[in-house]
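# Examination of the molecular architecture
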Amino acid sequence: VLPGPRLFLVVPGVLLLALLATGLALGLACASVLYRDVGYVLNVLLRLAFYGSPVIYPIELVPASLLDLYALNPLAVFLTVIRSAFTGAALPFGAAHFALAAAVSLGTFALGAQLFERWQARAVKYL
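Summarised in this report is the structure supplied together with it.

What counts and what doesn't
- Residues numbered from 1 in each chain as written.
- Predicted model: local features only at pLDDT ≥ 70, side-chain atom pairs only at ≥ 80, totals over all residues.
- Heavy atoms only, no water.
- Helix = DSSP H or I, 4+ residues; strand = E, 2+ residues; numbered from the N terminus.
- Buried < 20%, exposed > 50% of the residue type's maximum accessible area, 1.4 Å probe, protein only.
- Contact = heavy atoms within 4.5 Å.
- Lys, Arg positive; Asp, Glu negative; His and termini not counted.
- Charge placed at Lys NZ, Arg CZ, Asp CG, Glu CD.
- Expected span 1.5 Å × (residues − 1).
- Phe/Tyr/Trp six-rings, centres within 6.5 Å; stacked < 30°, edge-to-face > 60°.
- Polar contact = N/O pair within 3.5 Å; in protein donor to acceptor, adjacent residues only side chain to side chain.
- 1 Å grid on protein atoms, 1.4 Å probe; cavity = no way out; pocket = protein on both sides within 12 Å on 5 of 7 lines; lining within 4 Å.
- Points joined across faces, edges and corners; volume = space filled by probe spheres on them.

Here the focus is the overall build of the protein. Along its length, the protein carries five helices and zero strands. When its helices and strands are written in sequence order, the protein yields α-α-α-α-α. Once the C-alpha set of the protein is aligned to its principal axes, its extents read approximately 50 × 25 × 25 Å. When each of the 127 residues of the protein is scored for burial, the buried share is 30%. In the protein, the share of contacts with a sequence separation of at least 24, taken over all contacts with a separation of at least 6, comes to 71%. Positive and negative side-chain charges of the protein, numbering 7 and 4 respectively, have mean locations separated by a distance of 10 Å.

Our next topic: the environment of Ala113. Looking at where Ala113 falls in the secondary structure, it is placed in helix α5 (residues 95-126). On a C-alpha basis, the gap between Ala113 and Leu7 in space is 30 Å, while along the polypeptide they are 106 residues apart.

Since there are 3.6 residues in each turn of an α-helix, residues three or four apart along the chain are aligned in direction. Between its first and last C-alpha atoms helix α1 (residues 10-34) spans 36 Å; for 25 residues at 1.5 Å apiece the expected length is 36 Å, and the two agree. Considered for burial, the residues of α1 that qualify are Val10, Gly13, Leu16, Leu20, Gly23, Gly27, Cys30, Ala31, Val33 and Leu34. In this fold, the buried residues of α1 make contact with α2 (38-51), α4 (74-87) and α5.

In this section: the packing of aromatic side chains. Between two aromatic rings, the relevant description is the distance of the centres plus the angle of the planes. Counted according to the given criterion, the structure contains three aromatic pairs. A centroid spacing of 5.3 Å and a plane angle of 80° characterise the contact between Phe50 and Tyr51, whose relative ring orientation is edge-to-face. Its relative accessible area of 51% is what places Tyr51 among the exposed residues.

Locating Ser53 in the fold gives a position in the loop between α2 and α3 (67-70). Classification of Ser53 by relative accessible area gives buried; the value is 1%. Within polar-contact distance, the side chain of Ser53 engages the backbone oxygen of Ala49 at 2.8 Å. A polar contact is formed between the side chain of Ser53 and the side chain of Asn73, at a distance of 3.1 Å.

For Glu60, the position within the fold is in the loop between α2 and α3. When the C-alpha atoms of Glu60 and Pro92 are compared, they prove to be 8.5 Å apart, with 32 residues separating the residues in sequence.

Its volume calculated, the largest pocket comes out at about 510 Å³. Lining the largest pocket are 17 residues, and of these Leu24, Leu45, Leu46, Ala49 and Leu75 sit closest to its centre. If you list the elements that add at least two residues to the lining of the largest pocket, you get α1 and α2. The dominant element in the lining of the largest pocket, judged by the number of residues it contributes, is α2, at eight residues.

On to the environment of Val81. Relative to the helices and strands, Val81 is located in helix α4. In this structure Val81 comes out as buried when scored by relative accessible area, which is 6%. For Val81 and Arg6, which are 75 residues apart along the polypeptide, the C-alpha to C-alpha distance reads 9.0 Å. Beyond its immediate sequence surroundings of up to four residues, Val81 is in contact with Leu9, Leu91 and Phe98.

Function-wise, these values are silent; they only describe arrangement.
Here it is, written out as structure tokens:
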């Protein structure tokens, strides 16, 4: 399959996905040092996020009636956009879904950076 004209969507998709992951990592890193139970909860949440995102299955398996609810997961939106850019498949999500996912990604990064800045000095004492 040759990449289509939507190949330019890979860059914002990957950047916003990286911001989301970095924000989660910054916030949860200090939280897991300060509160040991976060690691156990994180294992469950990561497994739910893996199965709740189109990593191992195509987005076409999700019923059309649930796509708006499914679009609340920013991972699903970013992974679908990146996959669509390479395969040329139709995008089930619109610009509003992408904008919402981008806002969640930027908000998560800002919150994670703020939590890390606030908790890093305390977390060093526990290490």
